[in-house]
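Chain by chain, the residues:
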Amino acid sequence: MASHLIFGVPATLFILLIIAIALRRTRRLYDEAQRREAAEGALRQAQRLEAIGHLTGGVAHDFNNLLMIVSGSAERLRRDLTSEKHRRIIDMIMNATSRGESLTRQLLAFSRRQMLTPAVIDLSKRLPELKDMLTRSLRDDITAEIAIPDESCAVKVDPSELELAILNLAVNARDAMPRGGTLSITVEPVVLEGKPAEEGLSGEFVAIRVSDTGGGIAPDILPHVFEPYFTTKEVGKGTGLGLSQVYGFAKQSGGTATIASTVGRGTVITLYLPRTQELPGASAARMQPEAAPLRAGTALVVEDSPEVAEVAAAYFQQLGYMVKQARGASEALEVLGKDANIELVFSDILMPGGMNGVELGHAIRRRYPAVPVLLATGYSESARDAVQQGFVVLQKPFDVAALDQALREARKGKVEPAPGLAG
Ligand SMILES: Nc1ncnc2c1ncn2[C@@H]1O[C@H](COP(=O)(O)OP(=O)(O)O)[C@@H](O)[C@H]1O
Ligand SMILES: [Mg+2]
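Remember, predicted model here, so these are calculated numbers, not experimental data.

**Side note on the pattern of salt bridges**
- According to the stated counting rule, one finds 24 salt bridges in the structure shown.
- Taking the shortest distance from any N to any O, the salt bridge between glutamate 32 and arginine 35 comes out at 3.3 Å. Residue glutamate 32 and its partner arginine 35 are both found in helix α1 (residues 2-80); the two are separated by 3 residues, about one turn of the helix.
- Residue glutamate 32 is classed as partly exposed on the basis of its relative accessible area of 32%.

**With respect to unusual backbone geometry**
- Across the junction of lysine 396 and proline 397, the peptide omega takes the value -5°, indicating a cis bond.
- Here proline 397 is to be found in the loop between β12 (392-395) and α11 (400-413).
- Residues other than glycine seldom take positive phi values, yet glutamate 199 does so here, at roughly 55°.
- Tracing the backbone shows glutamate 199 in the loop between β4 (181-193) and β5 (202-212).
- Phi at tyrosine 229 takes a positive value of approximately 70°, unusual for a residue other than glycine.
- Tracing the chain through its elements places tyrosine 229 in the loop between β5 and α6 (242-252).

**Some thoughts on α6**
- Most of α6 sits inside the fold, with 10 of its 11 residues counted as buried.
- Buried residues of α6: Gly242, Leu243, Ser244, Gln245, Val246, Tyr247, Gly248, Phe249, Ala250 and Gln252, and no others.
- Looking one or two residues beyond α6, the residue adopting positive phi is glycine 254, at roughly 90°.

**Let's talk about the packing of aromatic side chains**
- Here the structure, examined in full by the defined rule, presents 6 aromatic pairs.
- Their ring planes at 80° and their centres at 5.7 Å tell us that phenylalanine 346 and phenylalanine 398 sit as a pair that is edge-to-face. You can see phenylalanine 346 sitting in strand β10 (residues 342-348) and its partner phenylalanine 398 sitting in the loop between β12 and α11, a full 52 residues away along the chain.
- For phenylalanine 346, a relative accessible area of 3% gives the class buried.
- Counting every residue linked through ring pairs, the aromatic cluster contains Tyr315, Phe316, Tyr321, Phe346 and Phe398.
- Between the NZ or CZ atom of arginine 365 and the centre of the ring of phenylalanine 391, over which it lies, the distance is 3.8 Å.

The rules behind each value
Residues numbered from 1 in each chain as written. Chains lettered and ligands numbered in written order. Predicted model: local features only at pLDDT ≥ 70, side-chain atom pairs only at ≥ 80, totals over all residues. Heavy atoms only, no water. Salt bridge = Lys/Arg side-chain N within 4 Å of Asp/Glu carboxyl O. Helix = DSSP H or I, 4+ residues; strand = E, 2+ residues; numbered from the N terminus. Buried < 20%, exposed > 50% of the residue type's maximum accessible area, 1.4 Å probe, protein only. Phe/Tyr/Trp six-rings, centres within 6.5 Å; stacked < 30°, edge-to-face > 60°. Lys NZ or Arg CZ within 6 Å of the ring centre and 35° of its normal.

Everything listed here is a matter of geometry and, on its own, says nothing about what the molecule does.
Shown next as structure tokens:
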């Protein structure tokens, strides 16, 4: 009996200990597996959004070019029409193209190919200023709260895209709270450490959290909400482009957006934007409209698509220029060599075969330093490169007013060429 106890008790304790260790290990393995699954899920999600972004960006870019041909041709027709009825028809075409252009802009925003004009903004100052705009887009039964830290939280992003993102989030929160609730926005400086949940970002960021006390999002829907055109709202109530703008804007600004939601409790969307040490008001080249008309001369339009070239040429003529055309960079240099009257070159950036617009721009700077160059593109990457190299870049599709503005910039830019780049 005694021997039974002498061996029995320690043996039982030993077995219990083994069981406890085994349970702990299983627990750890389980946690580890869950973490891994979450990380893989986040990666898959990011990859899927990337793939959709490629597709939508490509389609949007090609559509932009087509829309420009349609709207440009309609605009030209309109000037020659005298019948009121025909003018109304043309107006309908032009309205439709401008709706199309804003649609492609949204798609380009998602695919991170939109042209952005970043400026340094202190979110601790800027967000409280947005409160009025937010309150107007909410309902009376929704309370808006904004909490900001004492310190300044500067980021360098496109101010109007930031506003649009916040507005999109507020509108979603409103729709999620049909019986009222609270929308709260907080700003907080954070340090990210490369975790998959934040798409591996690391460094200093500012987190903008937008939370609501609405119905939440079901787990099977959650992975899709950032996709363009994903909506659970009735036709006419939602476009499915709100969160895709938010996500694309955050990504293109060097950050990301994450979402967490509990059905019946509410949703939190966090925008992470890289923190900057730059001071607000330092950047953002503002375009000032000028009253003085330009003295126009002969412009050389370099564009491989004949229809886009025709529209562009018509705009130049409308602005008082005489127009010469070239289909590519080498033809452009040839024309420049023969015709000393050309006062300005307007070129598309992406052209098939040989030199692109930026390279052409550099060649012109070397050989004809007095001739201003204006570049045009629908792609943000190529635009960014060109701007960094000191060129004025016009976003496609453009209208005659935008062209006029850009021409003024390009001609003004001639007075002070970008330092060290002209060679
Ligand atoms: N705050 C939110 N609460 C609940 N569901 C949301 C919230 N924000 C977005 N969603 C869901 O994500 C979908 C996509 O949102 P969004 O891209 O803004 O498009 P839209 O609002 O036009 O439907 C919505 O239809 C909705 O199902
Ligand atoms: Mg929405």
